[in-house]
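# Commentary on secondary and tertiary structure
Given next are the chains, with one letter for each unit.
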Amino acid sequence: MPEIKENSLLKSILKSKWYPGILQVPVVIVFAFIMYELFFGPIEAHENFGIALTWVLWWPLIPLIFLLFGRFWCGICPFGTVSDYVQKIVGNNRPVPKFLNKYGIWIIDIFFILITWGDHVYGIVESPRGSGVVMLILAAGAITAGAFFERRTWCRHICFLGGVAGNYSRTGALELRGTPEKCNKCTVAACYKGSKNVPGCPMFEFPRTMDNSARCNLCGHCVKNCPDDSITISVRPPSKELWFIRKPKFEESILAIVIMGIVFVQNITMLEIWDQAQSWLENALGTHEYAITFTVIFLIAMAIPVGLLYISSWAAGKSNGESTHMNFARFGYALIPLDLAAHMAHNLFHLLAEGKSILFTGMAVIGMNVPEKSTAFFSVDTIQILQYILLGIGTLGSIYTAYRIAKSQYSVEKIKGSALPFICLIIILLLANIYFFMLPMMHRM
């Protein structure tokens, strides 16, 4: 592998005594304001500034942040910041429970699925009070974990956004690593243990052995603590980390393919044909209970991509001799670039078709008259073109990742047979996404 070139500017920022506090404080203040708006502002979603800031601005931008800066958001997240503060005051710093260490990723997978299901069944995104309750639950979970357990147990093992951040951050353009030559001579491990003035890694990471960015939140603690100036911060090609996963995990690949199914669900429920499809399903099931009909569609939307990945893994095994389970775990990571692109493409609609609602609801907060105008920045046709461009970039990233994974693991004669089934799957998922984005979508705001 080529030598890593350190970025001195980024390192100096992480090393500053003001970082990350200088960003954490304003983020907490903004979060407190959003919570106030969600609970005490207008009850209609399209009039609530907190809803606009959360679901029209922050949620669409968060995947882009993961791509550009890795898991940086987790370092300044208001939930984590408040949890850290509580931990300093009343923290018991108990060890992480064994079941969280063993099943944490599965818990994150289930948590993410339940949050998405709850949103559609109970209308969380369209309800300021509902969104506020979800935020309170997340804050309470982070605070409770901080009060009882060491470091950021919540962020590492439970938080659903942390799980998504972990997957997407593997495509991130920033990389933090220890320098092997220096780390091998180190006897104090201050990067992990901490020092008198700066705590150790809140995410339980040891830069000396790190080979991925899935759990590094770029908090800068290790940079400040290292006595040998061993930590490097560098810019890398997006998705490069996915090509060399040494210990692939089945549950992380499950999350990758499930996210694709969830994006399908998000798209389907915003289409104008959704009401017709729902009526047909109600007649087929003999029930008008929305929770039941949505759950059926939700399970199908997740099961189909999982089944296709399983079939692709079985087909690849005929060439490379690996088990279906191992191919599923290893090549599931190849779907992450397309996952990220599809997620960003879906969110792009909210940002560009509803983005002016941020301005309008903000004007209402300060008592200004709100004009009766469209909330869109661009036409639907322009947004669709941008969505297709994102999908194209993500598809190329996933195809190349599948090829590089095969190249790094198998002999020359096995590369084609190992990668081809997954390339076919990626193209199928691309076509499905294109089809959904071609159909007219309804606004939330």
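Scroll up to find the structure.
Per-chain numbering applies: the sequence of each chain, read as written, is numbered from 1 onward. Since the coordinates come from a predicted model, pLDDT governs what is reported: local features require at least 70, and pairs of side-chain atoms require 80 or more to be given and counted, while whole-chain, interface and lining totals use all residues. Excluding hydrogens and water, the side-chain values take into account all heavy atoms of the structure.

Next up on the list: the pattern of salt bridges. Should a side-chain nitrogen of Lys or Arg be within 4 Å of a carboxyl oxygen of Asp or Glu, the pair is scored as a salt bridge. In total, this model carries 14 salt bridges according to the counting rule given. The salt bridge partner of Asp-229 is Lys-11, with a shortest N-O separation of 2.6 Å. Remark: Lys-11 occurs in helix H1 (residues 8-15) and Asp-229 occurs in the loop between helix H12 (221-225) and strand S2 (231-235); sequence separation between them is 218 residues. Three labels apply to residues, based on accessible area from a 1.4 Å probe with only protein chains included: buried if under 20% of the type maximum, exposed if over 50%, partly exposed otherwise in between. Exposure remark for Asp-229: the relative accessible area of 37% places this residue in the partly exposed category. Arg-156 serves as the salt-bridge partner of Glu-205, at 2.8 Å between the closest nitrogen and oxygen. Placement of the pair is Glu-205 in the loop between helix H11 (190-193) and H12 and Arg-156 in helix H8 (residues 153-157), with a sequence separation of 49 residues. Residue classification places Arg-156 among the partly exposed residues on the basis of a relative accessible area of 22%. Salt bridges sharing partners connect three or more residues here, namely Arg-156, Arg-170, Glu-175, Arg-177, Glu-205, Arg-215, Arg-236, Glu-241 and Glu-252. What counts as a helix is a DSSP run of H or I of at least four residues, what counts as a strand is a run of E of at least two, and both are numbered from the N terminus.

To continue, consider the side chain of Thr-54. Along the chain, Thr-54 falls in helix H3 (residues 49-69). Residue Thr-54 is classed as buried on the basis of its relative accessible area, which comes to 4%. Within polar-contact distance, the side chain of Thr-54 engages the backbone oxygen of Gly-50 at 2.8 Å. A 3.5 Å cut-off defines polar contacts: any pair of N or O atoms within that distance qualifies, except that in protein one atom must be a possible hydrogen donor and the other a possible acceptor, and neighbouring residues in sequence count only when both atoms are side-chain atoms.

This part covers the packing of helix H13 (residues 250-268) against helix H17 (residues 336-353). Relative placement of two packed helices is described by the angle separating their axes and the distance separating the axes. Axes here mean lines fitted to C-alpha atoms, for a helix over just the part in contact, with angles spanning 0 to 180 degrees between N-to-C directions. Contact pair H13 / H17: the axes reach a minimum separation of 9 Å and the direction vectors enclose 20°. Here H13 lies roughly parallel to H17, going by the angle between them. Both H13 and H17 take part in a crossing whose hand is left-handed. Contacts between H13 and H17 involve Ala-256, Ile-257, Ile-259, Met-260, Val-263, Gln-266 and Asn-267 from the former and Ile-336, Leu-338, Asp-339, Ala-342, His-343 and His-346 from the latter. Should an angle fall under 35 degrees it is called roughly parallel, over 145 degrees roughly antiparallel, and 65 to 115 degrees roughly perpendicular, with every other angle called oblique. When the near helix sits turned anticlockwise from the far one by under a right angle, the crossing is termed left-handed; a clockwise turn instead gives a right-handed crossing. Any two residues whose heavy atoms approach within 4.5 Å are treated as being in contact.

With that settled, the discussion passes to a nonpolar patch on the surface. Candidate patch residues must exceed 30% relative accessible area and have no salt bridge, after which like charges are joined if within 9 Å and Val, Leu, Ile, Met, Phe, Trp or Tyr side chains if within 5 Å. All accessible areas in this document rest on Shrake-Rupley with a 1.4 Å probe, and a residue is counted as covered only by the protein chains that are shown. Together, Leu-57, Leu-61, Leu-64, Leu-68 and Phe-69 line one region of the surface with nonpolar side chains, adding up to about 360 Å² of accessible area. The class of Leu-64 is partly exposed, set by a relative accessible area of 31%.

Within strand S1 (residues 174-178), five of the five residues are buried, which leaves it mostly tucked inside the rest of the structure. Neither face of S1 is open: one carries Leu-174, Leu-176 and Gly-178, the other Glu-175 and Arg-177, and all of them are buried.

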